[in-house]
Amino acid sequence: MMKISELLSKIDLNLENKSADIEHIINGVYASDLLSDVMGFAKHGELWVTLQTHKNVAAIAGLKDLSGVIIVGNNKPDKEMLEKCTEDGIPVFTTNLSTYQVCGELYVILNQ
Amino acid sequence: MEYTKKIIGGNFSEAGEASSAIKKVLKQLGVDSQVIRRTVVAIYEAEVNVVAHAYEGLLSVLIEDDKIKIVIEDEGHGIEDIEKAMEAGYSTASEKVREMGFGAGMGLPNIKANTDKMTINSVVGKGTVIELINYF
């Protein structure tokens, strides 16, 4: 079982909200840009990989007890999203990697 | 315990407020976490449905010893073919709504999958009423 904090040295991610809780255990990864897909099928503790950047991402991550959100492709979270995630203690990461690259790297890291 | 919230059509940034508030209450009451997760998924999807498809709506929640009852009543277009709307993948959402990642045709199926009882009544041109029950 790996904590979010342990990921940071293994993959190129920028933490956008320093006060978030990065000691969550990662239970897996869910990659999707369809919000209802995540709502229906992501499991608690999973890291969510997406290119969506608006406030509803924060709502879903909070309601589903996800361990964090990774925004791919050099996109940035909008202000409302970042504020809500920070309020709920959910770490938000940005990266210039694509969904494919992030998921490939996470697959290797989490299955070592 | 009772909770009501007015939902305004088109106001996506407010979607999730009711479900977050109910999640807090259910946690305080010590309800099983699996039941909480299912319930908040259903409430969130119902909130989004009103925001995405209706002019406005009222969400009412009643929490009793053994169950939570949720009623979402909206004024809007209504649903022409409820059976079709319940099919995964069927959606009438606008392009703008889809770009945000909504409108995948999974909202109503998600609600059904996460509730013990679901009834839906709709009048085209008037609105839709959805009643949900989850047992603790």
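Residues numbered from 1 in each chain as written. Chains lettered and ligands numbered in written order. Predicted model: local features only at pLDDT ≥ 70, side-chain atom pairs only at ≥ 80, totals over all residues.

1. Some thoughts on the interface of chain A and chain B
Taken together, the contact between chain A and chain B spans 16 residues of the former and 20 residues of the latter. The set of elements that each furnish at least two residues to the side of chain A that touches chain B consists of α2 (35–41) and α3 (55–63) of chain A. Within the side of chain A that touches chain B, the residues separate by chemical class into five nonpolar, seven polar and four charged. (Contact = placed C-beta atoms within 7 Å. Helix = DSSP H or I, 4+ residues; strand = E, 2+ residues; numbered from the N terminus. Nonpolar A, V, L, I, M, F, W, Y, C, P; charged D, E, K, R; others polar.)

2. Re helix α4 (residues 79–87) of chain A
Residues and elements named next belong to chain A. For α4, the complete set of buried residues consists of Met81, Leu82, Lys84 and Cys85. Viewed along the axis of α4, the buried residues span an arc of 165°, placing them on a single side of the element. As for α4, its buried residues are in contact with α3, β6 (68–71) and β7 (92–94). Where α4 terminates, the next one or two residues include Gly89, which has phi positive at roughly 75°. (Buried ≥ 20, exposed ≤ 12 C-beta atoms within 10 Å, placed from the backbone. Arc of directions from axis to C-beta.)

3. Topic: the sheet that holds strand β2 (residues 14–15) of chain A
All names here are of chain A. Spatial strand order, β2-β7-β6-β5-β4: five strands in an open sheet with mixed pairing. Where the open sheet ends on each side, the last strands, each with one partner, are β2 and β4 (28–31). Sheet topology note: the strand β5 (residues 46–50)/β6 ladder contains four bridges and is parallel. Paired with Thr50 across the two strands is Ile71, which belongs to β6. Each of β4, β5 and β6 touches helix α5 (residues 99–110); the most contacted strand, β4, lies at about 165° to it. (Pairing = 2+ DSSP bridges. Axes fitted to C-alpha atoms, helices over the stretch in contact; angles between N-to-C directions.)

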